[in-house]
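Close look at the chain arrangement
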Amino acid sequence: MNIEAAIKQPVFVSSFQKGIINLYYTSMWYQQIMHQFFKKHGLSLQQYNVLRILRGQKGNAATINLISDRMLDKMSNASRLVSKLVQKGLVSREINELDRRAVDVIITKKGLDLLEKLGPMVDNQDLINKTFTEDDAELLSNLLDKLRNKKN
């Protein structure tokens, strides 16, 4: 379904307006798909992102600040997300020995096992590799980078 039909707007002021509305609509549409997927597994998209960040630490601890810096959703509250993951036994939290004000967060075996289990399922949800060629995906990524890197 094209954007005109999806939002029932047959005409746009310009291709630029159509493009930005399509980008926003598609982003929200895809987030909803992923939200439903992770909900079935007792996670949010943001919690999954935290687990992936921690797995990328390869056993080393991460601070809340490091997690916040690497989050895809910059509006997320990393402390709250970590607390929920601690309750689920997916991460552990300890006071940093060098800086008592800092908290170290480490993914647990249970968290790693969950990522291992979800990995193939998440890949199966990936509409980009089901829809685009590798060249299309590269072009899309480059265009999105160009949009974000434009200086006002």
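Relevant structure appears above.
The structure displayed is predicted, hence computed values, not measured ones.

Quick look at the environment of M121
The topology assignment puts M121 in helix α6 (residues 109-125). Through-space distance from the C-alpha of M121 to that of N149 is 32 Å; in sequence the pair is 28 residues apart. Sequence-distant contacts of M121, defined by excluding residues within four places in its chain, comprise F37 and H41.

Overview of the side chain of D104
Structurally, D104 is set in strand β3 (residues 103-107). Although D104 is buried, it makes no salt bridge; R100 carries the closest opposite charge, 9.3 Å away. Setting aside its immediate chain neighbours within four residues, D104 contacts A61, A62, T63, S92, R93, E94 and N96.

Examining the pairing of β3
Alignment of strand β1 (residues 62-63) against β3, held across 2 bridges, turns out to be antiparallel. Bridge pairing in β3 links T63 to D104. Inspection of the sheet shows strand β2 (residues 91-95) paired to β3 by 5 bridges, in the antiparallel sense. For R93, the partnering residue across the bridge sits in β3 and is V105.

Details of the sheet that holds β1
Overall, antiparallel pairing links the 3 strands, which are arranged β1-β3-β2 in an open sheet. Each having just a single partner strand, β1 and β2 make up the two edges of the open sheet. Lying on the sheet, helix α3 (residues 45-55) is in contact with β1, β2 and β3; it crosses β3 at an angle near 90 degrees. Strand contacts of helix α5 (residues 78-87): β2 and β3, with the helix running at about 115 degrees to β2, the strand carrying the most contacts.

Remarks on a nonpolar patch on the surface
A cluster of nonpolar side chains, contributed by I20, L23 and L147, occupies part of the molecular surface with about 250 Å² of accessible area. Mapped onto the fold, I20 is located in helix α2 (residues 15-40). By relative accessible area, which is 45% here, I20 ends up partly exposed.

Some points on the nonpolar core
Among the nonpolar cores identified, the biggest contains 25 residues, and F38, L43, V50, L51, L54, I67 and L118 are the most heavily contacted of them. It is α3 that provides the largest number of residues to this core, a total of 5 residues. Contact partners of V50, with chain neighbours within four places excluded, come to I67, M71, L81, V82 and L85.

Calculation rules
- Residues numbered from 1 in each chain as written.
- Predicted model: local features only at pLDDT ≥ 70, side-chain atom pairs only at ≥ 80, totals over all residues.
- Heavy atoms only, no water.
- Helix = DSSP H or I, 4+ residues; strand = E, 2+ residues; numbered from the N terminus.
- Contact = heavy atoms within 4.5 Å.
- Buried < 20%, exposed > 50% of the residue type's maximum accessible area, 1.4 Å probe, protein only.
- Lys, Arg positive; Asp, Glu negative; His and termini not counted.
- Salt bridge = Lys/Arg side-chain N within 4 Å of Asp/Glu carboxyl O.
- Pairing = 2+ DSSP bridges.
- Axes fitted to C-alpha atoms, helices over the stretch in contact; angles between N-to-C directions.
- Patch = residues over 30% accessible without salt bridge, like charges linked within 9 Å, V, L, I, M, F, W, Y side chains within 5 Å.
- Areas by Shrake-Rupley, 256 points an atom, 1.4 Å probe, with all protein chains shown as cover.
- Core = buried A, V, L, I, M, F, W, Y, C linked by side-chain atoms within 4.5 Å.

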